[in-house]
Amino acid sequence: MGETREGGERSPLLGGTPLKGRGVACAAALAMEGLEKAAFFGITANLAPYLTSSALGWGGNQASCARLLFLGASDLLSPVGGWLADVYLGRYGAVAIGFSLYLLAASLLPVTAWPDGRLSVCGRPPVGPTTLNCSWPSGGPRRGTQYCAPTVYAGLLVMALGASSVRANLTPLGADQVRDRGGDATRRRRRFFNWFYWSTNAGAAFSLPVVAFVQQNVSFLAAYLIPVACLALALLVFLLATPTFVTKPPTGSQVSAMLKLALGNCGRLGLGATGTRKSRREPGDPLPTSGAQPGAPSLQEDLANFQVLARILPVMLTFIPYWMVYFQMQSTYYLQGLHLRIPGIFQHGQDRASILQGYAFPDAWLLLANAVVLLALVPLKDHLIDPLLARRGLLPSALEQMALGMFFGLASILAAGVLERERLQYVRRNQTVPQLVGRDGHPATTPPIWWQVPQYLLMATSELFTSVPGLEFAYAEAPKSMEGAVMGLFFFISGVGSLLGWGLLALLSLPPRGWMRCRGDYGSVAGCRMDNYFFLLAGIQAVTCLLVTWISRGYRSPSPKPGGPHLCTGPEEED
C-alpha cells in the first residue's frame, strides 16, 4: 500500500518522485478522457439513425427523444456520481464502477445490432402487414412500435449513470495528481485542465468521422464495436495505472450538512461547551454523516464550506445562459450550415446536370469544426499565450478568463445572426440551389458554408477561455470534501443550459407567429426568423457577460486548500 497522508489521502503505490509517478497518472487520466469521449460521441452520433433503421423501426421523434434522454441524463446525473464519490466510494471507486457500468451497458448496442443477439435480449419483434414491402423485410418490426424499447432505455439510463459518474470524478481524480506543495502547483493544474480539454476534443475528432464512416459504409454492428473497444481500453488503462494514482477516501455527506445549514438548522448542530462538535448522527437520520468518516470536517469547517459554496454558486449559475448559446453549435448552427452551399470540392461524379446528386457531405463533418479548432488552440494557449502572459505578470485569473470567453461566445452568436439575416436575403431573391447532405436534400443559398467559419472559430475560442477555466474554477474553489459533488454540479448546469435552450426554441416554435415556426417543406428553415432567435440569445449572453465581469472584479477567494496555492491567488511566493 502507498503512504497514507493526513485526511486519509494515499500516495502512489509505486512511490518515486512526483514528476515521474504523477506524470504517468496524469497521462493515464488524459488517455482515459480521450477514450471515454470517443466512446460517448460514437454512441450519440449513431443513436438516432440506428433506432430508426429497419432493425428496430422506431419513429424519428421517438429516436430523437431517446437521444435527448441519454444526453440530458449524462449531465443531470453528474451530481449523483460526485455525491456517491464524496460519501461512499471515493473518486477512484466511483471512476472504476462508472467505467464498468458504462462498458456493460454500451455492450448492449452491438448485441442488439446483431440479429441473433437482438432476438435474445429483445424477443421477437411485433410484425404486421406494414412490414411486408420492399422497405421492410418480412418479420421486421412495424414502424413506430419502438421494438426493444425496454432494453434500449434501460441500457441508455445505465450508460448515462456510468458516464455521469466518470465525468464527475475523472476530472478531479486527474487534477489530484498535480496538486503538490510548491510554487508552481497552480501552473501545473492549469496546464492539466488545458490538456484534459484537448483530450476531450481529440476523442470527438477521432470518433465522429470514423464511426460515422463505418456506420454508413459497413454496418451498425461494426460501428458500435468501436465505442465498446474504446471503453474497454479506457478501463484497462485505468487498472494498469492504479499503482500510480494518488487516491482520497470518502469524507462523508457534506451535501446533507450544507442543506441543513441552508435550512437554518445551525443551532441544532451547535458547538458544545468545550468547542467540540456534537454528533451529527441523529435518530432517524437516513443520510450518512461525515462525522463517521476519517478526516471529516468539523462544524466550523462546515460553516466555512457553506460560505464558500454560497460564493461560488452564483458564478456557476452564470454558465446556464452560456450553455444555452454554446449548444446552438450542435443544433441551429448545424441547421444553418445545411442551408449554405457546400463548395464543389466535395462533389463526386461527372453528372453536373443534377446539382442534387452532385454533393456527398457527411453531416458529422460539420460538428468537427469546433473540435478541430480546439485541438489547435489548446497547445497554442498552453505553450505560447499563457507563458507569455505569465512572464509579463498579465495572466488573468480563472474568472477573468471566463468573462473573456463569454464575450467570445457573444461575438459568435452575433456573427451567426448577421449571417442568417444575410442568408435570408438570398432566400427572398430566390437565389437557392438544391443539394444533398448525407441522405437528405436541403435548399441551400449561394453563399458557401465557409461563411460559418468565423462563428465556429469564435465559439471554439469561447470554449477555450470559458469551459476550461470553469472546470479549473469548480475544482479549485470547491470545499475539499465536496469536490466530486461540485464538479458534478458543473456538468449538471451544462445539462440545464441545454434543456433551457431547447425550451426557448420550442416556445419560439409555437403557432401562429413563432420565430422558429418554419413554414414550407420539412427540414427547411427558409420561412423561419432564426436571425431573431440568434439576436435574442445574444441579448441574454450580453447581460451574462456584464454580470460575470462585475463578479470577477469583486470576487475574493477563500483560504487556499492544503497542498498548494490557490487558483485565483496564484503561486505562493517562495522565501
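Structure: see above.
Treat the numbers as computed from the prediction; the structure is a model and nothing was measured. (Residues numbered from 1 in each chain as written. Predicted model: local features only at pLDDT ≥ 70, side-chain atom pairs only at ≥ 80, totals over all residues. Heavy atoms only, no water.)

Focus on the overall build of the chain
Looking only at helices and strands, the chain has 17 helices and 3 strands in total. When burial is assessed residue by residue, the chain has 52% of its 575 residues classed as buried. Put simply, of all contacts in the chain between residues at least 6 apart along the chain, 79% involve residues at least 24 apart. On the chain, roughly 25,300 Å² of surface is accessible, and the fraction owed to carbon and sulfur atoms is 64%. (Helix = DSSP H or I, 4+ residues; strand = E, 2+ residues; numbered from the N terminus. Buried < 20%, exposed > 50% of the residue type's maximum accessible area, 1.4 Å probe, protein only. Contact = heavy atoms within 4.5 Å. Areas by Shrake-Rupley, 256 points an atom, 1.4 Å probe, with all protein chains shown as cover.)

Some words on the environment of valine 80
For valine 80, the position within the fold is in helix H3 (residues 78–106). On a C-alpha basis, the gap between valine 80 and phenylalanine 492 in space is 9.7 Å, while along the polypeptide they are 412 residues apart.

Observations concerning the nonpolar core
One broad rule of soluble globular proteins: the nonpolar side chains tend to lie buried together. Residues Leu51 and Met159 are the most contacted members of the largest nonpolar core, which totals 115 residues. Ranked by residues supplied to this core, first place goes to helix H1 (residues 18–51) with 13 residues. Setting aside residues no more than four positions away along its own chain, methionine 159 makes contact with Ile43, Phe70, Tyr102, Ala105, Ala106 and Leu109. With 5 residues, the next largest nonpolar core counts Ala204, Leu208, Leu368 and Ala371 among its residues. (Core = buried A, V, L, I, M, F, W, Y, C linked by side-chain atoms within 4.5 Å.)

Regarding the packing of H3 against helix H6 (residues 149–176)
At a closest axis distance of 6 Å, the pairing of H3 and H6 adopts a crossing angle of 125°. Here H3 lies oblique to H6, going by the angle between them. The element H3 and its partner H6 pack so that their crossing is left-handed. (Axes fitted to C-alpha atoms, helices over the stretch in contact; angles between N-to-C directions. Parallel < 35°, antiparallel > 145°, perpendicular 65-115°, else oblique. Left-handed = near helix turned anticlockwise from the far one by under 90°.)

Details of a nonpolar patch on the surface
A surface patch of nonpolar side chains, amounting to about 400 Å² of accessible area, comprises Trp450, Trp451, Val453 and Leu457. Within the fold, leucine 457 resides in helix H15 (residues 453–477). Look at leucine 457 and you get partly exposed, because its relative accessible area is 40%. (Patch = residues over 30% accessible without salt bridge, like charges linked within 9 Å, V, L, I, M, F, W, Y side chains within 5 Å. Salt bridge = Lys/Arg side-chain N within 4 Å of Asp/Glu carboxyl O.)

So, the packing of helix H14 (residues 398–428) against H15
Where H14 contacts H15, the axes come no closer than 7 Å and their chain directions differ by 155°. By the angle class used here, H14 and H15 are roughly antiparallel. Here H14 and H15 pass one another in a crossing that is left-handed. Grouping the amino acids of the contact of H14 with H15 by side-chain chemistry returns 15 nonpolar, 9 polar and no charged. (Nonpolar A, V, L, I, M, F, W, Y, C, P; charged D, E, K, R; others polar.)

What about helix H11 (residues 319–326)?
Of all 8 residues in H11, 8 are buried; the element is thus mostly enclosed. Within the span of H11, buried status applies to Phe319, Ile320, Pro321, Tyr322, Trp323, Met324, Val325 and Tyr326.

Examining unusual backbone geometry
Positioned with a positive phi, cysteine 148 is a non-glycine residue whose angle comes to about 70°. Looking at the secondary structure, you find cysteine 148 in the loop between helix H5 (115–122) and H6. Note on cysteine 148: relative accessible area 6%, which makes it buried.

Let's talk about the side chain of serine 552
Inspection of the secondary structure assignment puts serine 552 in helix H17 (residues 530–554). On the accessibility criterion, serine 552 (13% relative accessible area) is buried. Beyond its immediate sequence surroundings of up to four residues, serine 552 is in contact with Leu399 and Glu400.

A look at the packing of aromatic side chains
Two numbers describe a pair of aromatic rings. These are the distance of the centres and the angle of the planes. Counted under the stated rule, the structure contains 25 aromatic pairs. With a centroid separation of 5.4 Å and 80° between ring planes, the pair formed by tyrosine 326 and phenylalanine 327 is classed as edge-to-face. Taking relative accessible area as the criterion, phenylalanine 327 reaches 18% and is therefore assigned buried. On the numbers, 5.9 Å between centres and 75° between planes, the contact of tyrosine 333 with phenylalanine 534 is edge-to-face. (Phe/Tyr/Trp six-rings, centres within 6.5 Å; stacked < 30°, edge-to-face > 60°.)

Points about the side chain of serine 199
In this fold, serine 199 is placed in helix H7 (residues 185–217). With residues up to four places along the chain from it excluded, the contact list for serine 199 reads Leu30, Glu33 and Gly34.

Note that every value here comes from positions in space, so none of it alone points to a role or purpose.
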